[in-house]
Amino acid sequence: MPNTSSIIKKRAAFDVSCEVCENYNCLIKKNLLLTAGSDALLKRNIRCKKGQQFVIEGAPVNGLFFVLKGKVKVFRTGINGKEQIVRFAKEGEIIGHRGFGTEEYYSIGAIAIENTILCYFSKSVLQEALLSNAKLAYDFMMFYADELNRSESKVKSISQMTVRERVIDTLLYIHRKFGVNKGYLDVVLSRKEYADHAGTTEEQVIRVFSALKTEKLISASGKKIAINDIQGLKNEISEHNFYLDS
């Protein structure tokens, strides 16, 4: 299996300067004026086709990825090779941060779920930028704090929610993360991917979706899902308060 470094070398064929980048959700872009002229601007851009894996679970950590354009799923492999989707990521979000500075190997894998463009910064470049830019370091600290809160909420939801509630929680999370396009959630996922995020089986997701469609809470066209009554879904899991977390 190729490591992450070989993937970067093969797919990095162009570079988009941070100065002309229009992705203002990126922590690097937000702090560009403070990091201008530093090595923080040295990066590689990588194009990934839908379904291509760019972070290999267990590979050495060489840097971080920022999503410039597209959508990504981040996962961990559990018992018997079962995939657990930890989260999804969109423009401006970071991939591979859990191994940055604390671990030698990536604890997650990441796959593009549509054609995606990534920005790659090496560990040395980011470490120098964080040491020289207090605002960037503070923003990273807040990002890690938010991620810890989400991780704790995820563990709690899996342990306390029923299967139906976990599937509903996943639908609401996808709605918050990607929004809606022409009435449908603005990302196309398989039933298995919904199951891998909700911590259940594909068969259970199909049953829950069928019940929600019968109750007219959602509708579907192939893999595309539309939420017809978002408040109705929120009411079902309101006692858990997890839908408030993005």
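Quantities reported herein were computed from a predicted structural model and do not represent experimental measurements.

*Asks:* Whenever I open this one, a nonpolar patch on the surface confuses me. Can you help?
*Replies:* A cluster of nonpolar residues, Tyr138, Met141 and Met142, forms a patch on the protein surface that exposes about 300 Å² of accessible area. Within the secondary structure, Tyr138 sits in helix α5 (residues 134–160). For Tyr138, a relative accessible area of 44% puts it in the partly exposed group.

*Asks:* Before we go on, may I ask you to explain the sheet that holds strand β6 (residues 94–95) in this structure?
*Replies:* Where strands meet in a sheet, backbone hydrogen bonds hold them as pairs that are either parallel or antiparallel. Judged by pairing direction, the sheet is antiparallel, and its four strands sit side by side in the order β1-β8-β3-β6 without closing on themselves. Unpaired on one side and paired on the other, β1 (44–48) and β6 mark the two borders of the sheet. Alignment of β1 against strand β8 (residues 116–122), held across five bridges, turns out to be antiparallel. Its bridge partner lying in β8, Arg44 is registered against Tyr120. Each of β3 (63–69) and β8 is contacted by helix α4 (residues 123–132), which is oriented at about 70° to β8, the strand it contacts most.

*Asks:* Would you take a moment to explain the pattern of salt bridges for this structure?
*Replies:* Inspection of every chain in the model, using the stated rule, returns 11 salt bridges. In this structure, the salt-bridge partner of Glu193 is Lys73, at a minimum N-O distance of 3.1 Å. Here Glu193 is found in helix α7 (residues 191–198), whereas its partner Lys73 is found in strand β4 (residues 72–77), with 120 residues between them in sequence. Residue Lys73 is classed as buried on the basis of its relative accessible area, which comes to 9%. Between Glu236 and Arg164 there is a salt bridge; the shortest N-O distance is 2.5 Å.

*Asks:* I tried to follow the nonpolar core on my own but got confused; where do I start?
*Replies:* For soluble globular proteins, the rule of thumb is that nonpolar side chains tend to be buried together. Counting residues in each nonpolar core, the largest one holds 27 residues, and the members touching the most others are Phe88, Leu171, Ile174, Tyr194, Phe209, Leu212 and Leu233. Put simply, the parts of the chain that give this core at least two residues each are β5 (83–89), α6 (163–178), α7, α8 (202–214) and β12 (224–227). The element best represented in this core is α6, accounting for seven residues. With sequence-adjacent residues up to four places away left out, Phe209 is seen in contact with Val167, Leu171, Arg191, Tyr194, Ile218 and Ile225.

*Asks:* Just checking my understanding: could you explain the pairing of strand β7 (residues 109–112) for this structure?
*Replies:* Here β7 shows no split at all, with Gly109 and Ile111 on one side and Ala110 and Ala112 on the other all buried. In the sheet, strand β2 (residues 53–55) pairs with β7 via two bridges, with the strands oriented antiparallel. Each residue of the ladder has a partner; that of Gln53, found in β7, is Ile111. Bridge count for β4 against β7 is four bridges, and the pairing is antiparallel. Within β7, the position partnered with Lys73 by the bridge is Ile111.

*Asks:* When you look at α7 in this model, what are you seeing that I'm missing?
*Replies:* For an α-helix the count is 3.6 residues per turn, leaving residues at separations of three or four pointing the same way. Most of α7 sits out of view: seven of its eight residues are buried. Those residues of α7 that fall on the buried side of the exposure criterion are Arg191, Glu193, Tyr194, Ala195, Asp196, His197 and Ala198.

*Asks:* Please clarify how unusual backbone geometry should be interpreted in this entry.
*Replies:* When glycine is set aside, most residues are seen to have a negative phi, and most peptide bonds are trans. Backbone geometry at Lys182 places phi at a positive 55°, although glycine is not the residue there. Turning to its location among the elements, Lys182 is positioned in the loop between β9 (180–181) and β10 (184–185). A residue is classified by how much of its surface remains accessible, and Lys182, at 77% relative accessible area, is exposed. Phi at Lys216 takes a positive value of approximately 60°, unusual for a residue other than glycine.

*Asks:* Is there a simple way to think about α4 in this case?
*Replies:* For α4, the complete set of buried residues consists of Val125, Leu126, Ala129 and Leu130. Buried residues of α4, viewed axially, fall in a sector of 125°; they line one side. The exposed residues of α4 that point more than 90 degrees off its buried face are Leu131 and Ser132.

*Asks:* Can you walk me through the packing of aromatic side chains in this structure?
*Replies:* The geometry of an aromatic ring pair is captured by two quantities: the separation of the ring centres and the angle between the planes. Per the stated rule, a full pass over the model turns up seven aromatic pairs. A centroid spacing of 5.0 Å and a plane angle of 50° characterise the contact between Phe65 and Tyr120, whose relative ring orientation is tilted. One end of the pair, Phe65, is in strand β3; the other, Tyr120, is in strand β8, with 55 residues separating them in the sequence. For the pair Phe65 and Tyr120, a shared accessibility class is recorded, and that class is buried. The interplanar angle of 75° and the centroid separation of 5.8 Å between the aromatic rings of Phe143 and Tyr144 together place this pair among those described as edge-to-face. Judged by relative accessible area, Phe143 falls into the buried class, the value being 16%. With relative accessibility at 30%, the residue Tyr144 sits in the partly exposed group. In this structure an aromatic cluster arises from ring pairing among Phe54, Phe65 and Tyr120. Here Lys224 stacks its cationic end above the ring of Tyr184, 4.9 Å away from the centre of that ring.

Calculation notes
- Residue positions within a chain follow its written sequence, with the count starting from 1.
- Since the coordinates come from a predicted model, pLDDT governs what is reported: local features require at least 70, and pairs of side-chain atoms require 80 or more to be given and counted, while whole-chain, interface and lining totals use all residues.
- Hydrogens and water molecules were not included; the side-chain quantities draw on all heavy atoms of the structure.
- Patch membership requires over 30% relative accessible area and the absence of a salt bridge. Like charges are linked within 9 Å, and nonpolar side chains (Val, Leu, Ile, Met, Phe, Trp, Tyr) within 5 Å.
- Computed with a 1.4 Å probe, the accessible areas rest on the Shrake-Rupley method; for each residue, only the protein chains presented here act as cover.
- Put simply, a salt bridge is a Lys or Arg side-chain nitrogen that is within 4 Å of an Asp or Glu carboxyl oxygen.
- A run of H or I in DSSP counts as a helix once it spans at least four residues, and a run of E counts as a strand once it spans at least two, with each numbered from the N terminus.
- Buried, partly exposed and exposed residues are distinguished by accessible area as a fraction of the type maximum, computed with a 1.4 Å probe on protein chains only: under 20%, between the cut-offs, and over 50%, respectively.
- Strand pairing is defined by DSSP finding a minimum of two bridges between the two strands.
- Here, residues are in contact when the closest pair of their heavy atoms is within 4.5 Å.
- For helices, the fitted line uses only the C-alpha atoms of the stretch in contact; every axis is such a line through C-alpha atoms, and the angle between N-to-C directions lies from 0 to 180 degrees.
- Put simply, a nonpolar core is a bunch of buried Ala, Val, Leu, Ile, Met, Phe, Trp, Tyr and Cys residues held in one set by side-chain atoms that sit within 4.5 Å of each other.
- For this quantity, the arc is that covered by the directions from the helix axis to the C-beta atoms.
- Centres within 6.5 Å are what make two rings of Phe, Tyr or Trp a pair, Trp counting through its six-membered ring; a difference in plane orientation under 30 degrees is then read as stacked, over 60 as edge-to-face, and the rest as tilted.
- Whether a charge sits over a ring depends on NZ of Lys or CZ of Arg being within 6 Å of the ring centre and within 35 degrees of the ring normal.

From the geometry alone we can't say anything about function, so treat these as descriptive.
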